[in-house]
Amino acid sequence: MKITMLGTGAALPDPDRGQSAILISTDSGRHYLLDCGEGATRQMVRANINPADVGVVVLTHLHHDHICDFPYFVISGWMLNRATAPVLLGPKGTKHFVRHLFEDGAYRTDFIARSAYALRKENLQAVRPDVREMQPGLVYEDDEVRITALHVDHLPHEVCECFGLRVEVEGKVIAFSGDTKPCAAMVELARDADLLIHECTFPQSFIDHRAKTGVGTYAHTSPLGLGKIASESGARSVVATHFGHFDSTSPVLKRAAGKHLPTELMGPHLLEEVVADIRKNYDGPLRLAHDLMRIDL
Ligand SMILES: [Zn+2]
Ligand SMILES: [Zn+2]
């Protein structure tokens, strides 16, 4: 199979990184999308994958950097002559999110206009996602893929349930953290996984700074924490992702992040600190994700 890291950034608009999105492509030609942050659809086209060929989408939680490309993904699939709607798995609230987007929601005018074209009227069912809200446990199964989801620890549960994932496909296991601080559920999901794709939003120095600014309400994993999860779970290889712009040189981002990040420290050199800190607890195969990075498994 092939895994394409479509987006490896976080919540701010980053010139070098799209938002969270990972595509798993099986040898038989099926595509499963984990998260659908900004840029996911366009990045698929850049990777020579037709978004209309993606059958299943999983949203780990409802922060915008994991979902905001979803309306574009669905409507462009409609225009790309998709015949059937994608299955959409997500936390409680996903039905509400989808209900307010399409025919009776934010894009209603586009639907009225575009449906006037006979071909679009014909595949209107393609823009009606089959939404399934997840409960912890087995959340999806077909003849090739099994997906298990467990609650991870990122947002207060009453605001949004956040899930980590374990995807079994072609006899291999891929675990994906979504967003979370280190938690036992993630160790369980990643147990002996062939590949652990884990968030690594900020280096330790940035986490310490954020704790003082009062914006630390969203819990994330430090490189030290990620190394611990990786070795405790027995994961055979690790890809760190969901980098929170600390490596950016963009003046716009530096100005925007000034209230909650130590912007004078920002820059790509921090990726060395990230690797060194992960290495304190984990010595197996390790890569830092970049957009359109391809992993063959
Ligand atoms: Zn995020
Ligand atoms: Zn988040």
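Each remark here, short or long, concerns the structure printed above.
So, here is what we can say about the structure in this document. All figures in this text were calculated on a predicted structure; none of them were measured in a lab.

### Remarks on the overall build of the protein chain
Part 1 of the reasoning: Helix and strand content of the protein chain: ten helices and 14 strands.
Part 2 of the reasoning: What you see for the protein chain is a C-alpha radius of gyration of 19 Å, in line with the 19 Å of a compact globule of 297 residues.
Part 3 of the reasoning: Expressed along its principal axes, the backbone C-alpha trace of the protein chain runs to roughly 60 × 45 × 35 Å.
Part 4 of the reasoning: Residues classed as buried in the protein chain amount to 46% of the 297 residues present.
Part 5 of the reasoning: For the protein chain, the proportion of contacts with a sequence separation of at least 24, taken over those separated by at least 6, is 67%.

### Topic: the pairing of strand S4 (residues 54–58)
Part 1 of the reasoning: For S4, the tally of buried residues reaches four of five residues, placing the bulk of the element in the interior.
Part 2 of the reasoning: Sheet topology note: the strand S3 (residues 31–34)/S4 ladder contains four bridges and is parallel. What sits directly across from Tyr-32, in S4, is Val-56.
Part 3 of the reasoning: The β-α-β motif built from S3, the intervening helix H1 (residues 40–46) and the parallel element S4 has right-handed crossover chirality.
Part 4 of the reasoning: Of the strand pairs in this sheet, S4 and strand S5 (residues 87–90) are connected by three bridges, and their pairing is parallel. Counted as the bridge partner of Val-58 is Leu-89 from S5.
Part 5 of the reasoning: Crossover S4 to S5 through helix H2 (residues 70–79) is right-handed.

### A closer look at the sheet that holds S5
Part 1 of the reasoning: Within the open sheet, the seven strands sit side by side as S6-S5-S4-S3-S2-S1-S14. Their pairing is mixed. Of all strands in the sheet, those bounded by a partner on one side alone are strand S6 (130–133) and strand S14 (293–296). Within this sheet the neighbouring strands show an average axis-to-axis angle of 20°, counted without direction.

About the criteria used
- Residues numbered from 1 in each chain as written.
- Chains lettered and ligands numbered in written order.
- Predicted model: local features only at pLDDT ≥ 70, side-chain atom pairs only at ≥ 80, totals over all residues.
- Helix = DSSP H or I, 4+ residues; strand = E, 2+ residues; numbered from the N terminus.
- Rg over C-alpha atoms; globule rule 2.2 N^0.38 Å.
- Buried ≥ 20, exposed ≤ 12 C-beta atoms within 10 Å, placed from the backbone.
- Contact = placed C-beta atoms within 7 Å.
- Pairing = 2+ DSSP bridges.
- Right-handed = clockwise from strand over helix to strand, strands pointing away.
- Axes fitted to C-alpha atoms, helices over the stretch in contact; angles between N-to-C directions.

Just geometry here; none of it tells us what the structure is for.
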